[in-house]
Amino acid sequence: MRIVMTNLLDNARKFAGKREAPRIEFASCVQNDETVFYVRDNGVGFNMTYAKRIFEPFERLHRADEFPGTGIGLATVQRVISRHNGRIWAEAEEGKGATFYFTLGD
């Protein structure tokens with residue numbers, strides 16, 4: 001789980017870091033009797049049309065000169081979450097930030 005949290009928090013820092021007042025939140029809530037964890041930022045966000053692509057290896061939605069990285073972090077996160085019988089998904093809006101949600105199985 002250290003890999004999951006490191007990647008999600010590092011991404012939030014990276015994509016919110018150019019904001020005048022960056023904000024990152026980690027919390028959980030209960031939805032349909034299931035604990036859902038999330039990492040939310042007020043960064044650049046992304047177009048939800050491409051939401052499924054962000055979990056593919058080497059897929060990037062932003063240019064490398066804007067935001068460095070290899071495009072492997074979220075694919076790794078998804079794999080770890082899957083190994084824990086969980087799910088991961090994201091919601092975002094361009095210019096307003098992103099939220100990454102995940103669950104862990106029993």
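Being a predicted model, the structure only gives us computed values, none of them experimental. (Residues numbered from 1 in each chain as written. Predicted model: local features only at pLDDT ≥ 70, side-chain atom pairs only at ≥ 80, totals over all residues. Heavy atoms only, no water.)

The subject of this paragraph is helix α2 (residues 73-83). Along α2, the positions that sit buried rather than exposed are Gly73, Leu74, Ala75, Val77, Val80 and Ile81. Where the residues of α2 are buried, they touch α1 (2-16), β3 (88-93) and β4 (97-102). Note on α2: the residue one or two positions beyond its end, Asn85, has a positive phi of about 55 degrees. (Buried < 20%, exposed > 50% of the residue type's maximum accessible area, 1.4 Å probe, protein only. Helix = DSSP H or I, 4+ residues; strand = E, 2+ residues; numbered from the N terminus. Contact = heavy atoms within 4.5 Å.)

A few words now on α1. Counted at 1.5 Å a residue, the expected span for α1 with its 15 residues is 21 Å, and the 21 Å between its end C-alpha atoms agrees. Turning to α1, its buried residues are Val4, Met5, Leu8, Asn11, Ala12, Phe15 and Ala16. All buried residues of α1 project into a common sector of 140 degrees when viewed along the axis, lining one side. For α1, the exposed residues set more than 90 degrees away from the buried face come down to Arg2 and Arg13. On the buried face of α1, the contacting elements are β1 (24-31), β2 (34-41), α2 and β4. (Expected span 1.5 Å × (residues − 1). Arc of directions from axis to C-beta.)

Attention now goes to the packing of aromatic side chains. All chains considered together, the criterion is met by six aromatic pairs. Where Tyr38 meets Tyr101, the ring centres are 5.9 Å apart and the plane angle is 50 degrees; that geometry is what we call tilted. Here Tyr38, found in strand β2, pairs with Tyr101, found in strand β4; they are 63 residues apart in sequence, far enough to count as distant. For Tyr101, a relative accessible area of 10% gives the class buried. Geometrically, the ring pair formed by Phe55 and Phe100 is edge-to-face, given 6.3 Å between the ring centres and 85 degrees between the ring planes. Of this pair, Phe55 sits in the loop between β2 and α2 while Phe100 is found in strand β4, placing the two residues 45 residues apart along the sequence. The pair Phe55 / Phe100 is uniform in exposure class, with both members buried. Taken together, the ring pairs in this structure connect Phe26, Phe37 and Phe102 into an aromatic cluster. (Phe/Tyr/Trp six-rings, centres within 6.5 Å; stacked < 30°, edge-to-face > 60°.)

Time to look at the pairing of β2. By the bridge criterion, eight bridges tie β1 to β2 in an arrangement that is antiparallel. Bridging from a neighbouring strand, Phe26 pairs with Val39 of β2. In this structure, β2 lies alongside β4, joined through five bridges in antiparallel fashion. Its bridge partner being in β4, Val39 is matched across the sheet by Phe100. (Pairing = 2+ DSSP bridges.)

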